[in-house]
Amino acid sequence: MRFEVMRLDDIDGTPVDTTVVDAASVNRIVQQAAAIGQRLWIRPAGTPAS
């Protein structure tokens, strides 16, 4: 399964960077973001925005 990972702006929460990764990479990205206090939005890739 693939996931879309969006890095969010610290001020207003708007997406500033988007990437699609496999499930194995999600944990690494989350750990890196947590280490620096970065906000993420993660959803299954190919899912239309609601």
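Structure: see above.
Residues numbered from 1 in each chain as written. Predicted model: local features only at pLDDT ≥ 70, side-chain atom pairs only at ≥ 80, totals over all residues. Heavy atoms only, no water.

A. A look at the overall build of the protein chain. Helix and strand counts for the protein chain stand at 1 helix and 3 strands. Walking the protein chain from its N terminus toward its C terminus, one meets helices and strands in the order β-β-α-β. What you see for the protein chain is a C-alpha radius of gyration of 11 Å, in line with the 10 Å of a compact globule of 50 residues. Dimensions of the protein chain, computed from C-alpha atoms along their principal axes, come out at roughly 30 × 25 × 15 Å. For the protein chain, with 50 residues in total, the buried portion stands at 22%. (Helix = DSSP H or I, 4+ residues; strand = E, 2+ residues; numbered from the N terminus. Rg over C-alpha atoms; globule rule 2.2 N^0.38 Å. Buried < 20%, exposed > 50% of the residue type's maximum accessible area, 1.4 Å probe, protein only.)

B. Seen up close, the sheet that holds strand β1 (residues 2–8). Strands sit in the order β2-β1-β3 across an open sheet of 3 strands; the sheet is antiparallel. Looking at strand neighbours, the two that pair on one side only are β2 (15–22) and β3 (39–44), the edges of this open sheet. For this sheet, the mean angle separating the axes of adjacent strands, direction not counted, is 20 degrees. The strands touched by helix α1 (residues 23–36) within the sheet are β1, β2 and β3, with β2 carrying the most contacts at an inclination of about 145 degrees. (Pairing = 2+ DSSP bridges. Axes fitted to C-alpha atoms, helices over the stretch in contact; angles between N-to-C directions. Contact = heavy atoms within 4.5 Å.)

C. Local environment of the pattern of salt bridges. Inspection of the entire model under this criterion finds 2 salt bridges. The salt bridge involving glutamate 4 is made with arginine 43; its shortest N-O contact spans 2.8 Å. Of this pair, glutamate 4 sits in strand β1 while arginine 43 sits in strand β3, and the two are 39 residues apart along the sequence. The burial state of glutamate 4 is the same as that of arginine 43; both residues are buried. Residue aspartate 17 is joined to arginine 7 by a salt bridge in which the shortest nitrogen-to-oxygen separation is 3.7 Å. Highlighted residues: aspartate 17 in strand β2 and arginine 7 in strand β1, separated in sequence by 10 residues. (Salt bridge = Lys/Arg side-chain N within 4 Å of Asp/Glu carboxyl O.)

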